[in-house]
Amino acid sequence: MKTIQTDRVVIVGAGLGGLYAALRLAPRPVVMISPESLGEGASSAWAQGGVAAAMSNADSAQSHAADTVNAGDGTVDRDVATLVTQEARSHILHLTALGTPFDRTETGDYVMSREAAHSFARVVRVKGDQAGAEIMAALIERVRATPSIQVLDGTMALELEVSDGRVTGVAVQSADALCSAPVMLRGSAVLLAGGGSGGLYALTTNPPRIRGQVIGLAARAGALIADAEFVQFHPTAMDVGEDPAPLATEALRGEGAILTNDRGERFMQALHPDAELAPRDIVARAIFAQTQAGRHPVLDTRDVLGQAIKTQYPAVADACARNAIDPAITPIPVAAAAHYHMGGIATDIDGRASLGHLWVCGEASSTGLHGANRLASNGLLEALVYARICADDIAKCIPKTSASAIDISFDSGGTPPDPNAVAELRQTMTDHVGVVRDANGLTSALRKLAALEAAHKSSVSFLNMTATATLIAVSALNRQESRGAHSRADFPDTFPGAGRRSLITLKEALAIRSKICEEAS
Ligand code: SIN
C-alpha cells in the first residue's frame, strides 16, 4: 500500500469535534480527512436545536448534570456529566468569540430554547433552528484561515494500522464513489471525530455518509466499544418519504407544539406528566406505537406558531415546503427515526480509546455522558468539550513540530459498497434492531448481517458498516432488560439498582453472531 509519513495529527472527520480540535491544536500541524467539502455531509451541520448550557442566572451546571443523569436512565457516568456541564459555559463564550451569531434577547442575553427533560430553557440557539450550520460556518471560516490545518477534501478513512496495541496510521481512500486503492497515512497521533451510526437504519435523520464506518473501523482494529445497544430515535422526524428524513426540532414542542393522531387524540398526555416534553425515548416509543397502529401521528404547530414557523424555523419550513405542507394550515406528519448513537468507541476521561495513540470525540465516542438516553442538545456540547480535551491531551503527548503539506493521490482499486446490500442492511436494522426489539428479531438480524458480510467481504467500507451493525445487534441481544432508548418487548422491565454500561469487542460480538448462525444451520 502507498504510504505517506507525516508529522501532522490525523483527524478523521470534519464535523464540529474535528474542526474544534484542529483549531485547538494550532499551530501544531493537522491533516483533516473530510469526505466532502467542509460543512457538507457532517451531522453537526444538520443539528437544529443547539447547544445545552446553563447560561441563565437561574440555572446551574449542577442542575444540567442532574437532568443529564436522569435522562440517561441509570447508566450515565456522573463524573463525565459533571465535567461536561461545568465546561459548557466556557465553550459557548468561546464560540461567541469565534463569531457564532447566537440568538440574543433585547437585553443581550442568550435566547434559550426549552427541550425535553431539561428543568430549564437551556439550549442556546441560532436563527431558530440553524445552530449546527451557523456554528460550523464560524469554525470553518477560522479553519480556512489557519495555516497549520490541511484539509483533504474528498477522502475517507477505511482502516487503522495497529502495531503492538498502538495505532500507527490510518488507511484512507477517495470518497468519490467510495472507492480507490487505499493510501496509508502515518501521522503523529490519530483523533477519530467521524460521526455516529444513524444511517445504518433505513429511517434516519443523519446525513447519507454517516453509517457507522468510524466506529466500525476502530472496532475492526480491536478497540473496545461501549453501550452500542443505545441508539436514540428522534420522535419527530418528518414522515414525508425523504431519505434522510428531515427533522422537526424538539424546540417546536418546547414552544408548545402538540402531538396528535388521526383521531385528533393528544396521546402523550396519558403517557407522561410532561406530555410532549417527556424524555425523548418515551416520546419516540409513543410515536412508534401510533405509527405501528396506523394512527398517523402528526406534530401540530398551528396554534403556538402559526405563520411564524416559516421565519423562526427556516429548516423545518423548507422541508415542509419541499413536501407541499403548509405547517400554518396542516400539522406535520412525523415518525421515530434513528438520530444519535449514545454508544461508540469507549473512551476514558481524557478521550483516549483502548488502543494506544488513539483519541475519539463526538458521536463516534462513548464517553459515558449520555447513558441510555441522551438529553436533548447535549450532543454538540459533548463534541465541543471532548474535542478540547482530546486536543490538549494529544498536545501533551507529541512534540511541537512543523510539517510540510501532504500531497495525496489515489490509484484505482478497491470495491465500493454494493448499494443493494447497503439498502438491505439498513432495512434489517430498522425492522429488527429499531425502536422496539426482541430476541427473535435480533437473532434474525444477526444472521442477515453475517450473510451480507460473507457476500460482500471485498468492500472494506461495507465491512465497517456491518461491524457496527453487528455490535449494536449483539449488545441489544445481550441486554435482557429495557432501559432508556433500548426497549425489549420480551424483557420490558428495567433491572433494579444501578445500571451497568456494556463493553464489548468486535471479536466477542462476532463469536456470538457465529454461534447464532451455527444454531440456525
Ligand atoms: C432537535 O433539535 O430536536 C435535535 C436536538 C438534538 O438531537 O440534540
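What this report covers is the structure whose coordinates are included nearby.

Scoring rules and cut-offs
- Going along each chain's sequence as written, the residues are numbered from 1 onward.
- For a predicted model such as this one, the threshold for reporting local features is a pLDDT of at least 70, and the threshold for listing and counting side-chain atom pairs is 80 or more; totals across whole chains, interfaces and linings nevertheless cover every residue.
- Side-chain metrics rest on all non-hydrogen atoms present in the structure, leaving aside hydrogens and water.
- Each helix is a run of H or I in the DSSP string that is no shorter than four residues. Each strand is a run of E no shorter than two, and both are numbered from the N terminus.
- Helix span, expected: 1.5 Å multiplied by one less than the number of residues in the helix.
- Think of it in three bands: with a 1.4 Å probe and only protein chains considered, a residue is buried below 20% of the maximum accessible area for its type, exposed above 50%, and partly exposed in between.
- Contact criterion: two residues are considered in contact whenever any of their non-hydrogen atoms come within 4.5 Å of each other.
- Polar contact is defined as a pair of N or O atoms within 3.5 Å, subject to the rule that within protein one atom must be able to donate a hydrogen and the other to accept it, and that residues adjacent in sequence are counted only when both atoms are side-chain atoms.
- In short, DSSP must find at least two bridges between two strands for them to pair.
- Centres within 6.5 Å make a pair out of two Phe, Tyr or Trp rings, where for Trp the six-membered ring is used; the pair is then stacked when the planes are under 30 degrees apart, edge-to-face when over 60, and tilted otherwise.
- Charge over a ring is defined by NZ of Lys or CZ of Arg lying within 6 Å of the ring centre and within 35 degrees of the ring normal.
- Each reported salt bridge corresponds to a side-chain nitrogen of Lys or Arg within 4 Å of a carboxyl oxygen of Asp or Glu.
- The axes are straight lines fitted to the C-alpha atoms, using for helices just the contacting stretch, and the angles between their N-to-C directions are given from 0 to 180°.
- Orientation labels follow simple angle bins: below 35 degrees gives roughly parallel, above 145 gives roughly antiparallel, 65 to 115 gives roughly perpendicular, and whatever is left gives oblique.
- Charged means Asp, Glu, Lys or Arg here, nonpolar means Ala, Val, Leu, Ile, Met, Phe, Trp, Tyr, Cys or Pro, and polar covers whatever is left, Gly included.
- By convention in this text, a residue qualifies as near a molecule or strand provided that one of its non-hydrogen atoms is within 4 Å of it.
- Shrake-Rupley sampling with a 1.4 Å probe provides the accessible areas, and residues are treated as covered by the protein chains on show and by no other component.

1. So, helix 14 (residues 439–455)
No. 1: Across its 17 residues, helix 14 extends 24 Å between first and last C-alpha, which sits within 8% of the 24 Å expected from 1.5 Å per residue.
No. 2: Considered for burial, the residues of helix 14 that qualify are G441, L442, T443, A445, L446, L449, A450, L452 and E453.
No. 3: Looking at the buried positions of helix 14, the neighbouring elements they touch are helix 13 (419–432), helix 15 (460–478) and helix 16 (506–520).
No. 4: The N-terminus of helix 14 is capped by D438, whose side-chain oxygen sits 3.3 Å from the backbone nitrogen of N440.

2. Describing the sheet that holds strand 6 (residues 123–124)
No. 1: Read across the open sheet, the 3 strands follow the order 4-6-5; overall the sheet is antiparallel. Lying at the two open borders of the sheet, with one neighbouring strand each, are strand 4 (51–52) and strand 5 (112–113).
No. 2: Across 2 bridges, strand 5 lies against strand 6 in antiparallel orientation. Along strand 6, the bridge assignment pairs M112 with V124.

3. A short note on the environment of V143
No. 1: Within the secondary structure, V143 is located in helix 5 (residues 131–144).
No. 2: Sequence separation between V143 and G17 is 126 residues, and the spatial gap between their C-alpha atoms is 12 Å.
No. 3: Leaving out residues up to four positions away in the same chain, V143 has contacts with L19, L23, L38, I149 and V151.

4. Describing the packing of aromatic side chains
No. 1: As enumerated under the stated definition, the model contains 2 aromatic pairs in all.
No. 2: Geometrically, the ring pair formed by F102 and Y110 is edge-to-face, given 5.8 Å between the ring centres and 65° between the ring planes.
No. 3: Residue classification places F102 among the buried residues on the basis of a relative accessible area of 6%.
No. 4: Pairing Y201 with F233 gives two aromatic rings, centres 5.5 Å apart and planes at 90°, and the pair type is edge-to-face. Of this pair, Y201 sits in the loop between strand 11 (189–192) and helix 6 (213–220) while F233 sits in strand 13 (residues 231–238); the two residues are 32 residues apart in sequence, bridging distant segments of the chain.
No. 5: Classification of Y201 by relative accessible area gives buried; the value is 1%.
No. 6: Over the ring of Y110 we find R104; its NZ or CZ atom is 4.0 Å from the centre of that ring.

5. Some remarks on the pattern of salt bridges
No. 1: Summed over all chains, the structure comprises 29 salt bridges.
No. 2: In this structure, E276 engages R266 in a salt bridge whose closest nitrogen and oxygen atoms are separated by 2.8 Å. One end of the pair, E276, is in the loop between strand 14 (258–260) and helix 8 (280–292); the other, R266, is in the loop between strand 14 and helix 8, and 10 residues separate them in sequence.
No. 3: The exposure class assigned to E276 is buried, which follows from its relative accessible area of 4%.
No. 4: Among the residues examined, R266 registers a relative accessible area of 33% and is labelled partly exposed.
No. 5: Within this structure, E229, R479, E481 and R483 form a network of salt bridges that share partners.

6. A few points about the sheet that holds strand 2 (residues 9–12)
No. 1: With respect to topology, 5 strands assemble into an open sheet ordered 7-3-2-11-18, the strand pairing being parallel. The two strands at the open ends of the sheet, each matched to only one other strand, are strand 7 (149–153) and strand 18 (358–360). Strand-to-strand twist of the sheet, defined as the mean angle between neighbouring strand axes without regard to direction, takes the value 20°.
No. 2: As paired elements, strand 2 and strand 11 share 4 bridges and run parallel to each other. Within strand 11, the position partnered with V12 by the bridge is L192.

7. Some remarks on the packing of helix 14 against helix 16
No. 1: At their nearest, the axes of helix 14 and helix 16 sit 9 Å apart, and the two run at 100° to each other. As far as their axial angle goes, helix 16 and helix 14 are roughly perpendicular. In this structure, helix 14 contributes T443, L446, R447, L449, A450 and E453 to the contact, and helix 16 contributes R513, I516, C517 and A520.
No. 2: Partitioning the contact of helix 14 with helix 16 into residue classes produces 6 nonpolar, 1 polar and 3 charged.

8. Points about the site of the ligand
No. 1: In the vicinity of the ligand, the contacting residues are Q48, G49, H234, L247, T249, E250, R280, H339, R374, A376 and S377.
No. 2: Contact distances for the ligand include 3.0 Å between an oxygen atom and a backbone N or O atom of G49.
No. 3: At 2.6 Å from an oxygen atom of the ligand is found a side-chain nitrogen or oxygen belonging to T249.
No. 4: Protein burial of the ligand: of its 260 Å² of free accessible surface, 93% is covered by the chains.
No. 5: Taken together, the residues that form the shell around the ligand break down as 2 nonpolar, 6 polar and 3 charged.

9. Some details on the environment of A450
No. 1: Mapped onto the elements, A450 comes out in helix 14.
No. 2: A residue is classified by how much of its surface remains accessible, and A450, at 16% relative accessible area, is buried.
No. 3: Sequence-wise, A450 and N440 are 10 residues apart; in three dimensions their C-alpha atoms are separated by 16 Å.
No. 4: A450 has contacts with R513 and C517, leaving out every residue within four places of it along the chain.

10. Side note on the environment of P182
No. 1: With respect to the helices and strands, the residue P182 is situated in the loop between strand 9 (166–174) and strand 10 (183–186).
No. 2: Take P182: its relative accessible area is 27%, and that puts it in the partly exposed class.
No. 3: If we skip the residues at most four places from it in the chain, P182 touches M1, K2, L158, A171 and V172.

11. What about unusual backbone geometry?
No. 1: Across the junction of A26 and P27, the peptide omega takes the value 10°, indicating a cis bond.
No. 2: In this fold, P27 is placed in the loop between helix 1 (16–25) and strand 3 (30–34).
No. 3: Residue P244 is bonded to the preceding D243 through a cis peptide linkage, with omega at 0°.
No. 4: Inspection of the secondary structure puts P244 in the loop between strand 13 and helix 7 (251–255).
No. 5: With a phi close to 50°, D164 is a non-glycine residue in the positive phi region.
No. 6: As for its placement among the helices and strands, D164 is situated in the loop between strand 8 (155–163) and strand 9.
No. 7: One non-glycine residue with positive phi stands out, namely A324, at about 55°.
No. 8: Among the secondary structure elements, A324 is positioned in the loop between helix 11 (314–322) and strand 16 (332–341).

12. Some thoughts on the pairing of strand 10
No. 1: Pairing between strand 1 (residues 2–5) and strand 10: 4 bridges, direction parallel. Considered in strand 10, the bridge of T3 is made with M184.
No. 2: The sheet contact formed by strand 9 and strand 10 spans 3 bridges and is antiparallel. Bridge pairing links A171 to M184 in strand 10.

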